[in-house]
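In case you want the letters, here they are:
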Amino acid sequence: MITLAEGHPQQDSMALRAVEVLLDDMAVNLPKSSHACECLEESFDNINDYLLSLAQQQTQTEPEAVSLIALQLMPEHLALTALGDYSCLYYSEGKLEPVLQGSDQRLGINPEIHSVSCQQAYVEGDQLLIVKTHELGFIDQDYIRVTLARFEDNLQMSLRQISARAINQGLQDKPSLLICRMDQDAQKGSGWLSRLRKK
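Residues numbered from 1 in each chain as written. Predicted model: local features only at pLDDT ≥ 70, side-chain atom pairs only at ≥ 80, totals over all residues. Heavy atoms only, no water.

1. Re the overall build of the chain
In terms of regular secondary structure, the chain is built from 5 helices and 9 strands. In the chain, which comprises 199 residues, the share counted as buried stands at 50%. A total of about 10300 Å² of accessible surface is found on the chain, and carbon and sulfur atoms cover 44% of it. (Helix = DSSP H or I, 4+ residues; strand = E, 2+ residues; numbered from the N terminus. Buried < 20%, exposed > 50% of the residue type's maximum accessible area, 1.4 Å probe, protein only. Areas by Shrake-Rupley, 256 points an atom, 1.4 Å probe, with all protein chains shown as cover.)

See the structure below:
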């Protein structure tokens, strides 16, 4: 599994707790189900309830909202679920397509949430890019497609090029990017992705 979470700019305690709940839930529920998206969505609901209960116990002026995205590898597809400021693009055979779009909603704010899920078939060599939704507006998607194709075997270079492009287009700080590539050991263990993260 790959998961990214972001909470308060000064303290990500709620984001860390969200990830802990997610990992615990998936360890218990996924072995009993072949429907990973349903397991992820149920876990997002549990996380939201948990964060709301923590907020009620603490004397803080504002609840700590959390954005979260999770990817789970299944034998024939990737299961993805997200809520908040994360979007996901999928690159395969020279084509780049959005598969998940971020939203204004966050975990830990309202009792009712509407997480977004999808399933994505994959083959070796496909690439997945996760980026903050608001940062995506500074990066032309055709540029992303060309860059992923050009540096197909060099994820670090892809990250550098895309990050530099975003800054050149007016983004104030380096974008939060994650690029994953399917490799030949995709179904053999926890290291199923070649992955690099740059903040």
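Moving on, there is more to tell.
2. So, the environment of Leu 78
Mapped onto the fold, Leu 78 is located in strand β3 (residues 78-83). Its relative accessible area of 1% is what places Leu 78 among the buried residues.

3. Some details on the sheet that holds strand β1 (residues 2-6)
As summarised here, the arrangement of the 4 strands in space is β1-β2-β3-β6, forming an open sheet in which the pairing is antiparallel. Two strands lie at the open edges of the sheet, namely β1 and β6 (116-120), each paired on one side alone. Between one strand axis and the next, the sheet turns by 10° as a mean value, whatever way the strands run. Pairing geometry for strand β2 (residues 67-73) and β3, over 6 bridges, is antiparallel. Its bridge partner being in β3, Leu 71 is matched across the sheet by Leu 80. Running at roughly 155° to β1, helix α1 (residues 13-29) makes contact with β1 and β2 of the sheet. (Pairing = 2+ DSSP bridges. Axes fitted to C-alpha atoms, helices over the stretch in contact; angles between N-to-C directions. Contact = heavy atoms within 4.5 Å.)

4. As for the confidence of the model for the chain
Detailed reading of the predicted model is not advised wherever pLDDT is low. The predicted model of the chain averages 86 in pLDDT, with 87% of residues at 70 or higher. Strand β9 (residues 193-198) is the least confidently modelled element of the chain, averaging 40 in pLDDT, while helix α4 (residues 141-150) averages 95, the highest of any element. Contacts for the low-pLDDT stretch residues 189-199, under 50 throughout, to residues beyond four places or in other chains number 44 contacts. (pLDDT = per-residue confidence, 0-100.)

5. Re unusual backbone geometry
Look at Glu 93: it is not a glycine, yet its phi comes out positive at around 50°. Tracing the chain through its elements places Glu 93 in the loop between β4 (87-92) and β5 (95-100).

6. Focus: the pairing of β4
The element β4 is largely enclosed, with a buried count of 6 among its 6 residues. Burial of β4 is two-sided: the residues Ser 87, Leu 89 and Tyr 91 facing one way and the residues Cys 88, Tyr 90 and Ser 92 facing the other way are all buried. Bridge analysis of β4 against β5 gives 5 bridges, and the strand direction is antiparallel. Across the sheet, the residue bridging to Cys 88 is Leu 100, located in β5. Between β4 and the antiparallel strand that follows it, β5, lie 2 residues; Glu 93 among them carries a positive phi value of about 50°.

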